[in-house]
Amino acid sequence: MSLKWTDTLEIAIQLSEAHPDIDPKTIRFTDLHAWVMALEEFSDLPDRSGEKILEAIQAAWIDERE
């Protein structure tokens with residue numbers, strides 16, 4: 001499976017598993033971007049993300065935690 005920036009729900013699930021002690025409501029977008037890029041299955045270009053995509057990933061991560 002290859003993840004792209006648009007796979008927000010799957011990215012959120014993997015981030016939740018990789019960082020169980022992190023509150024996604026307090027994460028900085030620079031950290032979020034780096035953590036997404038570090039996911040093993042992630043294979044998209046770094047410059048294809050933007051604030052809206054990072055917000056969508058953060059929102060999905062928050063929903064995943066609730």
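Here the structure is a predicted model, which means the values were calculated and not measured.

A. Molecular detail of the confidence of the model for the protein chain. Summing up the model confidence of the protein chain, the mean pLDDT is 96 and the portion of residues at 70 or higher is 100%. The secondary-structure element of the protein chain with the lowest mean pLDDT is helix α3 (residues 51-65), recorded at 96, while helix α2 (residues 29-38) shows the highest, at 98.

B. Spotlight on the packing of aromatic side chains. Enumeration according to the criterion identifies two aromatic pairs in this entry. A centroid spacing of 4.8 Å and a plane angle of 70° characterise the contact between W5 and F42, whose relative ring orientation is edge-to-face. Of the two residues, W5 is situated in the segment before α1 (8-18) and F42 in the loop between α2 and α3; the sequence distance between them amounts to 37 residues. Relative to W61, the ring of W35 lies with its centre 6.4 Å away and its plane at 65°, an arrangement referred to as edge-to-face. Linking W35 in helix α2 with W61 in helix α3, this pair joins segments that are 26 residues apart in sequence. Judged by its relative accessible area of 23%, W35 is partly exposed. Classification of W61 as buried rests on a relative accessible area of 0%.

C. Expanded view of the packing of α1 against α3. Across the interface, α1 lies against α3 with an axial gap of 8 Å and an inter-helix angle of 55°. The angle between α1 and α3 places the two elements in the oblique class. For the crossing formed where α1 meets α3, the hand is right-handed. Residues T8, L9, I11, A12, I13, L15 and S16 of α1 pack against I53, A56, I57, A60, W61, E64 and R65 of α3.

Quick notes on the rules
Residues numbered from 1 in each chain as written. Predicted model: local features only at pLDDT ≥ 70, side-chain atom pairs only at ≥ 80, totals over all residues. Heavy atoms only, no water. pLDDT = per-residue confidence, 0-100. Helix = DSSP H or I, 4+ residues; strand = E, 2+ residues; numbered from the N terminus. Phe/Tyr/Trp six-rings, centres within 6.5 Å; stacked < 30°, edge-to-face > 60°. Buried < 20%, exposed > 50% of the residue type's maximum accessible area, 1.4 Å probe, protein only. Axes fitted to C-alpha atoms, helices over the stretch in contact; angles between N-to-C directions. Parallel < 35°, antiparallel > 145°, perpendicular 65-115°, else oblique. Left-handed = near helix turned anticlockwise from the far one by under 90°. Contact = heavy atoms within 4.5 Å.

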